[in-house]
Amino acid sequence: MRLPGPRHAPGARHRARETVDAAPAAHPAAHHAAPTRRPGALAAGAGALGVAVLLAGAAAALTAATIGAPPDVDRAAAARLAAASRPSPPPLVSSPTPAVAACELPGVVEALSAGDDEAALIAMGGAAAVREAVITGGAPCIDLADPTRLWVVVDKLRPYEPLGHEPADLTRVDGVRVFNEGLLRAEAAAAFAELVAAAQEAGAGQIAITSGYRSFDDQATQHARWVAAEGADSADEVSARPGYSEHQSGLAVDVVACDGACGDIARFASTRQGRWLAENSWRHGFIVRYEQGQAGTTGYSPEPWHIRYLGVVLAAAYHGGGFHTLEDFWGLPAAPDYGD
Ligand SMILES: [Zn+2]
């Protein structure tokens, strides 16, 4: 999600696409295996297995029939095989899952009420365990719609609740060059300052902020500008509607590479800063939110300059698991378009 105007002229996004296409090495998780399949996919797979067993039973019956066995006997055998292959019914008495119990652990309750999201994740057994529990519906205390939490997911199907949400702890980022809007939530601001310092220390050059927090009203202005410049459909590929932008969380930041002068975000992927960020942002709790080839899930064209703060606990699990979208990480539906 970026700004229209001279620095981010609408025509520039076509150049950005070319740059991204030409630089597969800069793709962040290219070295990792494909992400774990979503539970929906697993359930579908299990269903397909059941169907395959039934079909095998029917095929066995058919084969027996063609070699001359009495058809009634074959049908009975096929029915027995089909019945045997059906999954057993769920137990009538259910017991609470360990994850629900995890939400009730004193350390978890305490961390959540103190607003220490990372401590809560650790107390629940770590990000991978929490992810699993959320996907299976066993972690009611991890609300992916809560915009005050590091695990909030905002996309075209998941607007803010309320739509005009404003973070409480916005702050400036110390020691980092800023163009346009430079505020982030306090924890993200501190982590981002560390990220910028680490990039410099690694010899990757200077990284500056072109856009951090944007309010609902800021986003309305930005989006309207894109719609006026490119039409509504094209605007929706590159700019979120107000109430749907990650920038409104105070946890997202658009960056540019500076070597003396600062470059255009459209060319960020091919800079040494862009390559470093794709490989290392997770170490500081950030992920590249809109990767190449993921628009069918995220709803946005690739934005190698847009990073989202999750905290190190979640970002390490995301990176280590080889994920490319937050929707896949949390088992949420793809959000290529708005629901209307
Ligand atoms: Zn952005």
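Residues numbered from 1 in each chain as written. Predicted model: local features only at pLDDT ≥ 70, side-chain atom pairs only at ≥ 80, totals over all residues.

**A few points about the overall build of the protein**
So, point 1. In terms of regular secondary structure, the protein is built from 14 helices and eight strands.
So, point 2. When each of the 340 residues of the protein is scored for burial, the buried share is 41%.
So, point 3. When contacts within the protein are restricted to residue pairs at least 6 apart in sequence, those whose partners lie at least 24 apart make up 69%. (Helix = DSSP H or I, 4+ residues; strand = E, 2+ residues; numbered from the N terminus. Buried ≥ 20, exposed ≤ 12 C-beta atoms within 10 Å, placed from the backbone. Contact = placed C-beta atoms within 7 Å.)

**Re the pairing of strand β8 (residues 303-309)**
So, point 1. Most of β8 sits inside the fold, with seven of its seven residues counted as buried.
So, point 2. Looking at chain direction, strand β5 (residues 252-259) and β8 are connected through three bridges and run antiparallel. Paired with A252 across the strands is R308, a residue of β8.
So, point 3. Summarising the sheet, strand β7 (residues 286-290) and β8 pair through four bridges and their orientation is antiparallel. Bridge assignment links V288 to a residue of β8, and that residue is I307. (Pairing = 2+ DSSP bridges.)

**Observations regarding unusual backbone geometry**
So, point 1. Cis geometry is adopted by the peptide bond preceding P162, which originates at E161 and carries an omega value of 0°.
So, point 2. Note on placement: P162 falls in the loop between α7 (127-135) and β1 (170-172).
So, point 3. For N180, which is not glycine, the phi torsion reads 55° and is therefore positive.
So, point 4. Positionally, N180 belongs in strand β2 (residues 178-181).
So, point 5. On the basis of neighbour count, N180 is assigned to the partly exposed category, with 16 C-beta atoms found within 10 Å.

**Examining the nonpolar core**
So, point 1. Counting 65 residues, the largest nonpolar core has V130, L184, F192, V255, I287, L314 and Y318 as the members making the most contacts within it.
So, point 2. Per-domain counts for this core show at least three residues from each of domain 2 (100-135) and domain 3 (165-330).
So, point 3. When neighbours within four sequence positions are excluded, I287 is seen to be in contact with S281, W282, I307, R308, L310, A315 and Y318.
So, point 4. Within the second largest apolar cluster, five residues are counted, among which are W226, V238, Y290 and Y300. (Core = buried A, V, L, I, M, F, W, Y, C linked by C-beta atoms within 7 Å. Domains from an automatic or database assignment.)

**Concerning the packing of α7 against helix α13 (residues 312-320)**
So, point 1. Running from N to C, α7 and α13 cross one another at 80°; their axes reach a closest spacing of 9 Å. Put simply, α7 runs roughly perpendicular to α13. Across from A127, A128 and R131 in α7, the residues of α13 making contact are V313, L314 and A317.
So, point 2. Partitioned by chemical class, the residues of the contact of α7 with α13 number five nonpolar, no polar and one charged. (Axes fitted to C-alpha atoms, helices over the stretch in contact; angles between N-to-C directions. Parallel < 35°, antiparallel > 145°, perpendicular 65-115°, else oblique. Nonpolar A, V, L, I, M, F, W, Y, C, P; charged D, E, K, R; others polar.)

**What to know about the confidence of the model for the protein**
So, point 1. Of all residues in the protein, 71% have pLDDT values of 70 or greater, and the mean over the chain is 79.
So, point 2. Under a pLDDT of 50 for its full length, residues 3-96 has, in the predicted model, 87 contacts with residues more than four places off or in other chains. (pLDDT = per-residue confidence, 0-100.)

**Structural notes on α13**
So, point 1. Considered for burial, the residues of α13 that qualify are V313, L314, A315, A317 and Y318.
So, point 2. Contacts from the buried residues of α13 go to α6 (117-123), α7, β7 and α14 (326-330).
So, point 3. Looking one or two residues past α13, G322 carries a phi angle of roughly 70°, positive in sign.

**Let's talk about the environment of Y338**
So, point 1. As for its placement among the helices and strands, Y338 is situated in the segment after α14.
So, point 2. In the structure, Y338 is positioned 94 residues away from Y244 in sequence and 9.5 Å away in space, judged by C-alpha atoms.

**Digging into the environment of G311**
So, point 1. Within the secondary structure, G311 is located in the loop between β8 and α13.
So, point 2. The spacing of G311 and E187 is 124 residues in sequence and 8.4 Å in space, taken between C-alpha atoms.
So, point 3. With near-sequence residues (within four places) excluded, G311 lies in contact with D117, E118, L150 and G285.

**Considerations on the environment of A193**
So, point 1. Along the polypeptide, A193 turns up in helix α8 (residues 186-201).
So, point 2. The class for A193 is partly exposed, based on 17 C-beta atoms found within 10 Å.
So, point 3. Spatially, the C-alpha atoms of A193 and I207 are 9.8 Å apart, while their sequence positions differ by 14 residues.
So, point 4. If we skip the residues at most four places from it in the chain, A193 touches V173, D174, G175 and V176.

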